[in-house]
Amino acid sequence: MSNTEAAILIQNLYKGFGSNQVLKGFNLRLNKGENLAVLGKSGSGKSVLIKCIIGLMQPDEGEITVLGESISSLNQDHLDHLRVKIGFLFQSNALYDSMTVRENLEFPLRRHWMEISDKETNDLVMESLENVGLAHTVDLMPIELSGGMRKRIALARTLILKPEIILYDEPTTGLDPITSKEISDLMNALQKKYNTSSIIISHDMNCIQRTADRMILLVDGIAYAEGEFDTLKASTDPVILPYFE
Amino acid sequence: MTLPPNTKRFLEEAGAIAQFTGRFFREVFRPRYEWSAFIQQCYMIGYKSLPLVGLTGFIMGLVLTMQLRPSLIDYGVESELPAMVGIAIVREIGPVITALIFAGKIGSSIGAELGSMKVTEQIDAMEVSGTNPFKYLVVTRVLATTFMLPILVLLGDAISLYGAYLGVNIKATTSFSLYYTQVFNNLSFSDVLPAFVKSFFFGFAIGIIGCFKGFHSSKGTEGVGRSANSSVVLGSLMVFIIDLIAVQVTDILGFN
Ligand SMILES: Nc1ncnc2c1ncn2[C@@H]1O[C@H](COP(=O)(O)OP(=O)(O)O)[C@@H](O)[C@H]1O
Ligand SMILES: [Mg+2]
């Protein structure tokens, strides 16, 4: 395992807010091409963890390396440059509600307007929308879409720059079981198509089983257990058991 | 020494706003410049406030004239009415009323808009897609409020003076050109300039406070409502504080 190159390496990560210590020495390794699920209770610090990875939050202590670069050592320009290679799907979708679907998808491209022509921009937008099966919504506003459609649009926006790594924050939370399954299948298909590595934050067992190769259990701020789905499921550890009930 | 909690919170907030303002000045001169977003904000902020500013200016001019007339008659100087209202409108009423209306309409909408973008993670989404949200959202809005408010004040003054003209004409008849001559003969450069200059500061303060409150909105719809509300309250208060400082400064500089 240590021979393969790591897409993301987290060593001894600490993060707290005042007296509330959230992460207390968390470790994680995401290999290239791998899909890793992080499972944890609500409020256990899953969102904090991936916000640290993308540099939206600064760790108190510890080292985060993404594609060989240490996040904390990068200046803003280098960080922005690295972020192009990382897609982030927000739990709340974070679609820009004052913009149309097209403008939402164009937004990540605006940094590159000098290299990309109008036609290429349009092609990229349409390709991304076709990937998620929503080409017909291009001129709608986010408010006009259903929850599942919004999640797909957010996914299309995340994928428009063809990132190498995708961070999913609870991609199926708040969706009905059928839509959840559709989103999980779509994540699978897109991961194969673009050959991405991913971290999938979730507590939806069906989604994890469908999309992840391996999983990590986040308990009390540390990586309490890790392994394949079936291995962890077979565990008799009283801490792990409740997660599979 | 321990401070009372209210004082501590006040000082912390003042410090945070000062820091936010400092960040504005660091980012405003650094490329990339968000021109198209700035132009769009000027349109949204300037053009869309025009009807409200015009209407309130008109009413203020009219009412002020009608209120002043009896007192001037008592002193036997009714003929000075145009000069009086002209000075009152241009030096004080115009800028302050326009700024207060502006704080109510624009300050609250900036606070609510950025607040809801904050709590729905749209600001984080901009950040991760490589657009500096401070530049894209804050710098453009603060520049737009700073440059649009003085223009609105000038237009508001003009409409207000027209309202005052109608007010003068209710009980007496003056030709528009005579009224106009009377107003402007009594106005000097030192009446117009300080009022114009302080409008920039009003606009800047309203923009900074709206953006600050939005950017620091707490989670939930209640948090967004609070940002909108406190943008107006603090923005309006700042208008009066700046007005107080401006009158001292003009006094010291000898603009009287
Ligand atoms: N910006 C913040 N300021 C203070 N506390 C925070 C902040 N973000 C998260 N927390 C706290 O960190 C803990 C973990 O939050 P989070 O990572 O969002 O949980 P989840 O695992 O459900 O995604 C919570 O107790 C939350 O209150
Ligand atoms: Mg979360």
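Everything discussed here concerns the structure shown above.
Just so it is clear, the structure is predicted and the values come from calculations on it, not from any experiment. (Residues numbered from 1 in each chain as written. Chains lettered and ligands numbered in written order. Predicted model: local features only at pLDDT ≥ 70, side-chain atom pairs only at ≥ 80, totals over all residues. Heavy atoms only, no water.)

(A) Main features of the overall build of chain B. Broken down by element type, chain B carries nine helices and zero strands. Ordered by position from N to C terminus, the α and β elements of chain B give α-α-α-α-α-α-α-α-α. Principal-axis analysis of the C-alpha atoms gives chain B an extent of 65 × 50 × 35 Å. For chain B, the residues scored as buried account for 46% of the 256 residues in total. When contacts within chain B are restricted to residue pairs at least 6 apart in sequence, long-range pairs at least 24 apart make up 83% of them. Split by element, the accessible area of chain B, about 12,900 Å² in all, is 68% carbon and sulfur. Computed over 18 positive and 17 negative side-chain charges, the inter-centroid distance for chain B is 7 Å. (Helix = DSSP H or I, 4+ residues; strand = E, 2+ residues; numbered from the N terminus. Buried < 20%, exposed > 50% of the residue type's maximum accessible area, 1.4 Å probe, protein only. Contact = heavy atoms within 4.5 Å. Areas by Shrake-Rupley, 256 points an atom, 1.4 Å probe, with all protein chains shown as cover. Lys, Arg positive; Asp, Glu negative; His and termini not counted. Charge placed at Lys NZ, Arg CZ, Asp CG, Glu CD.)

(B) Molecular detail of the state of the cysteines. Residues and elements named next belong to chain B. On inspection of all chains with the given rule, the structure shows zero disulfides over all chains. Sulfur of Cys211: no disulfide; nearest cysteine sulfur belongs to Cys42 and is 13 Å away. By relative accessible area, which is 0% here, Cys211 ends up buried. (Disulfide = S-S within 2.5 Å.)

(C) Layout of the coordination of the magnesium ion (ligand 2). Residue and element names in this part refer to chain A. Protein ligation of the magnesium ion (ligand 2) involves Ser47 (OG) and Gln91 (OE1), the donor distances falling in the range 2.0 to 2.7 Å. Of this pair, Ser47 sits in helix α1 (residues 46-53) while Gln91 sits in the loop between β6 (86-89) and α3 (101-106); the two residues are 44 residues apart in sequence, bridging distant segments of the chain. By relative accessible area, which is 21% here, Ser47 ends up partly exposed. We classify Gln91 as partly exposed; its relative accessible area is 34%. (Donors = N, O, S within 2.8 Å, 3.2 Å for Na, K, Ca; no water.)

(D) Just the pairing of strand β8 (residues 197-202) of chain A, in detail. Residue and element names in this part refer to chain A. Among the six residues of β8, six are classified as buried, and the element is accordingly described as predominantly covered. Of the two faces of β8, the one holding Ser197, Ile199 and Ile201 and the one holding Ser198, Ile200 and Ser202 are both buried throughout. As judged from the five bridges shared by strand β3 (residues 35-40) and β8, these two strands associate in the parallel manner. Bridge pairing links Ala37 to Ile200 in β8. Pairing of strand β7 (residues 165-169) with β8, which is carried by five bridges, proceeds in the parallel orientation. Bridge pairing in β8 links Ile165 to Ser197. Note on the crossover from β7 through helix α6 (residues 177-194) to β8: the handedness is right-handed. (Pairing = 2+ DSSP bridges. Right-handed = clockwise from strand over helix to strand, strands pointing away.)

(E) Up close: α1(A). Residues and elements named next belong to chain A. Of all the eight residues making up α1, seven are buried; the element is thus mostly covered by neighbouring parts of the structure. Regarding α1, the residues found buried are Lys46, Val48, Leu49, Ile50, Lys51, Cys52 and Ile53. Immediately downstream of α1, the backbone of Gly55 shows phi near 80 degrees, a positive value.

(F) Geometry of the site of ligand 1. Residue and element names in this part refer to chain A. Taken together, Phe17, Asn20, Val22, Lys41, Ser42, Gly43, Ser44, Gly45, Lys46, Ser47, Val48 and Met57 make up all the residues around ligand 1. Here an oxygen atom of ligand 1 sits 3.3 Å away from a polar atom, N or O, in the side chain of Asn20. Within the contact set of ligand 1, an oxygen atom lies 3.0 Å away from a backbone nitrogen or oxygen of Gly45. The fraction of the free accessible surface of ligand 1 (560 Å²) that becomes covered by protein chains is 59%. The set of elements that each furnish at least two residues to the shell around ligand 1 consists of β2 (20-31) and α1. Here the shell around ligand 1 gets three residues from one element, more than from any other, and that element is α1. Looking at the shell around ligand 1 residue by residue, the class counts come to four nonpolar, six polar and two charged. (Near = heavy atom within 4 Å. Polar contact = N/O pair within 3.5 Å; in protein donor to acceptor, adjacent residues only side chain to side chain. Nonpolar A, V, L, I, M, F, W, Y, C, P; charged D, E, K, R; others polar.)

(G) Inspection of the interface of chain A and chain B at higher detail. With 21 residues of chain A at the contact, the number on the chain B side is 14 residues. Summed over both sides, the interface of chain A with chain B buries roughly 1,700 Å², with 49% coming from carbon and sulfur. Its largest share of buried area at the contact with chain B, chain A owes to Tyr96(A), Phe107(A) and Arg110(A), together 30% of the area lost on that side. Run the count over chain A and chain B and you get four salt bridges. The salt bridge partner of Arg83(A) is Glu127(B), with a shortest N-O separation of 3.5 Å. Applying the counting criterion to the chain A and chain B interface returns eight residue pairs in polar contact (both at pLDDT 80 or more). Among the elements that line the side of chain A that touches chain B, the one with the most residues is helix α2 (residues 76-83) of chain A, at three residues. (Buried area = accessible area lost by both parts, 1.4 Å probe. Salt bridge = Lys/Arg side-chain N within 4 Å of Asp/Glu carboxyl O.)

(H) Quick look at the pattern of salt bridges. Residues and elements named next belong to chain A. Scanning the model with the defined rule gives 24 salt bridges over all chains in all. Arg214 is the salt-bridge partner of Glu34, the closest N and O atoms lying 2.5 Å from each other. Taken as a pair, Glu34 in the loop between β2 and β3 and Arg214 in strand β9 (residues 214-219) lie far apart in primary sequence, 180 residues in all. Accessibility assignment for this pair places Glu34 and Arg214 in one class, buried. Taken together, the shared-partner salt bridges connect Glu34, Arg214 and Glu226 into one network.

(I) Geometry of the packing of helix α4 (residues 81-119) of chain B against helix α7 (residues 176-185) of chain B. Residues and elements named next belong to chain B. Packing of α4 against α7 brings their axes to within 8 Å, and their N-to-C directions diverge by 55 degrees. Overall, the two elements α4 and α7 adopt an arrangement that is oblique. Classified by chirality, the crossing of α7 by α4 is right-handed. Across the interface between the two elements, Pro82, Ala83, Val85 and Gly86 from α4 touch Tyr179, Gln182 and Val183 from α7. The class makeup of the residues in the contact of α4 with α7 is five nonpolar, two polar and no charged. (Axes fitted to C-alpha atoms, helices over the stretch in contact; angles between N-to-C directions. Parallel < 35°, antiparallel > 145°, perpendicular 65-115°, else oblique. Left-handed = near helix turned anticlockwise from the far one by under 90°.)

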